[in-house]
Amino acid sequence: MPNASDTRPAQRTTTRPAAGVPAPRRRTGRLVRIAALVVGAVLVLAFPTMAPNAYILSAGIVVLSYACTATAWNFMGGFTGYVSLGHAAFFGLGAYGTGLLIRDVGLSSFVAWVVAGALVLLVTIPVGIAALRVRGASFVIVSIAFVLILLLVFQAWGSFTGGSDGLVVPRPFPDLLRPEHHQVFFYLFAALLAVMLVAWWAIDRSRFGTGLKAVREDEDKAQSLGVPTRNYKLVAYVVSATFTGLAGGMYALWFGDLDPIFQFSIMLGAYMVLMALLGGVRHLFGPLLGAIVVGTGLEYFKLEFGDTQFHLVATALLLGIVVLFMPDGIIPAVSALFKRFGPQDSSIREETAAELLERNRVAAGGAAEDDGAGPGGTTPGTTRPGTHPTATEEDGR
């Protein structure tokens, strides 16, 4: 037989604001990030016109190429936690693949660039299957061995690769003067970097990205929970290598003179790791910030100290500072500093005296009505356990 509780209107549930950062502050933070992104994009696009000479413009291209390689590395190192010091192998394969396809096959410059990127993708699949069977220091050693093998092959195979004499890649825009050539490639590198950043952002917010982060935090636990860790790592490795190969191919088209000692240099792979760690591997713009700091420093030291190896000493000191004082990178360190000295978030919802009085009044009024409701399965003066009258019930009566 129906009782009073069956005929009551559905209780209205009210959602309290989530504890933590207030909504206005979140909106302000989002607007600040958007404004910073717009300002950064404007500065990048305006840099070729603001550069005082061709050398500064070429240095900007070098920094952008570093940013592309560090961001490409971060698809593997940042998401999965696997540190590879041999990503220069894919950079060199992309560069030499582009140059050889132009010279021997006769493809146009940018068609050869795309085909070389596809070839790097195909080569990376079996290499990744073999390399990702190990973890930790063993993976680092395998990555170093791969780049050293390619260095020896491309140095020794002089009839095909040019050997130690290098390989000259024809310029894609032969009619342009050197400054205009630099300007075009600055925008091309910027466009490639933008594609990488959008891809990283999309993966970071996808289910695939969540699986990769689970691998980074605890691979064994992620595998026990059903995450296909082997396939996820292989996809991340292939994406990272392909983007690195595309960056190498773009460098070959811009610079035009390839040397296996540089293209397959372990130092180049170490720079990728340093830049990503310096900015913050878990942040979208971490590798970009690290590339700006490290790339600018390297160019300055090379210009200041000539052919000496002082820039390597400076790089080692910078790496030591990062490891000791900013192990998570610049962006997380600065964010933590702002949180420390900024307004502190409270985990307890603040409630004014007026809100508390109103809530108690409504609760008391609802309890009084329940005391007078006899037919609903309760006796006068008692309240059904587990029920709390709401403002909707009070209005409905």
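Preceding this section is the structure that the text describes.
Reading the values: the criteria
Residues numbered from 1 in each chain as written. Predicted model: local features only at pLDDT ≥ 70, side-chain atom pairs only at ≥ 80, totals over all residues. Heavy atoms only, no water. Helix = DSSP H or I, 4+ residues; strand = E, 2+ residues; numbered from the N terminus. Buried < 20%, exposed > 50% of the residue type's maximum accessible area, 1.4 Å probe, protein only. Contact = heavy atoms within 4.5 Å. Areas by Shrake-Rupley, 256 points an atom, 1.4 Å probe, with all protein chains shown as cover. Axes fitted to C-alpha atoms, helices over the stretch in contact; angles between N-to-C directions. Nonpolar A, V, L, I, M, F, W, Y, C, P; charged D, E, K, R; others polar. Parallel < 35°, antiparallel > 145°, perpendicular 65-115°, else oblique. Expected span 1.5 Å × (residues − 1). Phe/Tyr/Trp six-rings, centres within 6.5 Å; stacked < 30°, edge-to-face > 60°. Core = buried A, V, L, I, M, F, W, Y, C linked by side-chain atoms within 4.5 Å. Patch = residues over 30% accessible without salt bridge, like charges linked within 9 Å, V, L, I, M, F, W, Y side chains within 5 Å. Salt bridge = Lys/Arg side-chain N within 4 Å of Asp/Glu carboxyl O. Lys, Arg positive; Asp, Glu negative; His and termini not counted. Charge placed at Lys NZ, Arg CZ, Asp CG, Glu CD.

Asks: Any chance you could explain the overall build of the protein chain here in plain terms?
Replies: Each helix and strand counted, the protein chain has 16 helices and two strands in total. For the protein chain, buried positions account for 40% of its 397 residues. The long-range fraction of contacts in the protein chain, counting pairs at least 24 apart against all pairs at least 6 apart in sequence, stands at 77%. For the protein chain, the exposed surface amounts to about 21700 Å²; the carbon and sulfur share of it is 67%.

Asks: Please explain the side chain of Thr 98 as it appears in this structure.
Replies: By secondary structure assignment, the location of Thr 98 is in helix H3 (residues 88-105). Among all residues touching Thr 98, those that are not within four sequence positions of it are Ser 109, Ala 112, Trp 113, Ala 116, Gly 249 and Leu 253.

Asks: Looking at this model, I keep getting lost on the packing of H3 against helix H5 (residues 136-156). Mind explaining?
Replies: The relative placement of two packed helices is expressed as an angle between their axes plus a distance between the axes. Packing of H3 against H5 brings their axes to within 8 Å, and their N-to-C directions diverge by 35°. Contact residues: H3 offers Ala 88, Ala 89, Phe 90, Leu 93 and Tyr 96, while H5 offers Phe 146, Val 147, Leu 150 and Phe 154. Looking at the contact of H3 with H5, its residues break down into nine nonpolar, no polar and no charged.

Asks: When you look at the packing of helix H7 (residues 178-204) against helix H9 (residues 229-255) in this model, what are you seeing that I'm missing?
Replies: Look at H7 against H9: their axes get within 10 Å of each other, and the N-to-C directions meet at 175°. Relative to H9, the element H7 lies roughly antiparallel. Facing Arg 178, His 181, His 182, Phe 185, Leu 188, Phe 189, Leu 192, Val 195, Met 196 and Ala 199 of H7, the residues of H9 in contact are Phe 243, Leu 246, Ala 247, Met 250, Tyr 251, Leu 253, Trp 254 and Phe 255. For the contact of H7 with H9, the per-class residue count stands at 15 nonpolar, two polar and one charged.

Asks: Looking at this structure, how should I read H9?
Replies: Residues spaced three or four apart along an α-helix face the same direction, because each turn holds 3.6 residues. In this model H9 runs 39 Å from its N-terminal to its C-terminal C-alpha over 27 residues, within 8% of the 39 Å that 1.5 Å per residue would give. Among the 27 residues in H9, 22 count as buried, and that is most of the element. Phi turns positive, to about 85°, at Gly 256, one or two residues after H9.

Asks: Any chance you could explain the environment of Leu 234 here in plain terms?
Replies: Secondary-structure assignment places Leu 234 in helix H9. For the pair Leu 234 and Met 76, spaced 158 residues apart in sequence, the C-alpha separation works out to 9.2 Å. In this structure Leu 234 touches Ile 125, Gly 128, Ile 129 and Leu 132, once residues within four positions along its chain are discounted.

Asks: Would you mind showing me how to read the packing of aromatic side chains here?
Replies: Under the definition given, this model contains 22 aromatic pairs. Arranged with centres 5.8 Å apart and planes meeting at 45°, the rings of Phe 90 and Phe 146 form a pair that is tilted. Here Phe 90 is found in helix H3, whereas its partner Phe 146 is found in helix H5, with 56 residues between them in sequence. Here Phe 90 matches Phe 146 in class, with each residue buried. Plain terms: the ring middles of Phe 154 and Phe 264 are 4.8 Å apart, the flat faces sit at 35° to each other, and that makes the pair tilted. With a gap of 110 residues between them, Phe 154 in helix H5 and Phe 264 in the loop between helix H10 (260-263) and helix H11 (266-279) connect regions that are remote in the sequence. Residue class for Phe 154 comes out buried when judged on its relative accessible area of 11%. Members of the aromatic cluster, joined through ring pairs, are Tyr 82, Phe 90, Phe 139, Phe 146 and Tyr 237.

Asks: I would appreciate a short explanation of the nonpolar core in the present structure.
Replies: Within soluble globular proteins, side chains that are nonpolar generally end up buried alongside one another. Membership of the largest hydrophobic core comes to 86 residues, with the highest contact counts inside it found for Tyr 66, Phe 189 and Met 196. It is H9 that contributes the most residues to this core, 14 residues altogether. Contacts of Phe 189, omitting those with residues within four sequence positions, involve Ile 61, Leu 64, Ser 65, Cys 68, Ala 247, Met 250, Tyr 251 and Trp 254.

Asks: Which parts of the structure should I look at to understand the environment of Val 115?
Replies: As for its placement among the helices and strands, Val 115 is situated in helix H4 (residues 109-131). On the basis of relative accessible area, Val 115 is assigned to the partly exposed category, the value being 30%. Linking Val 115 and Leu 246, residues 131 residues apart in sequence, is a C-alpha distance of 9.6 Å. With residues near it in sequence (within four places) discarded, Val 115 still touches Leu 101 and Leu 107.

Asks: Hey, could you run me through a positive patch on the surface in this one?
Replies: On the surface, Arg 26, Arg 27, Arg 30 and Arg 33 cluster together into a patch of positive charge. Its location among the elements puts Arg 30 in helix H1 (residues 23-50).

Asks: Just to check I follow, could you spell out the pattern of salt bridges for this structure?
Replies: A side chain of one charge can pair with a side chain of the opposite charge when the charged atoms of the two come close. By the definition in use, this model includes eight salt bridges. Its salt-bridge partner being Arg 135, residue Asp 220 comes within 3.0 Å of it at the nearest N-O pair. Taken together, the residues span a long stretch of sequence, with Asp 220 in helix H8 (residues 207-224) and Arg 135 in the loop between H4 and H5 at a distance of 85 residues. According to the relative accessible area criterion, Asp 220 is partly exposed, its value standing at 46%. Among the ionic pairs, Lys 233 bridges to Glu 219, the shortest N-O distance being 2.7 Å. Linking Lys 233 in helix H9 with Glu 219 in helix H8, this pair joins segments that are 14 residues apart in sequence.

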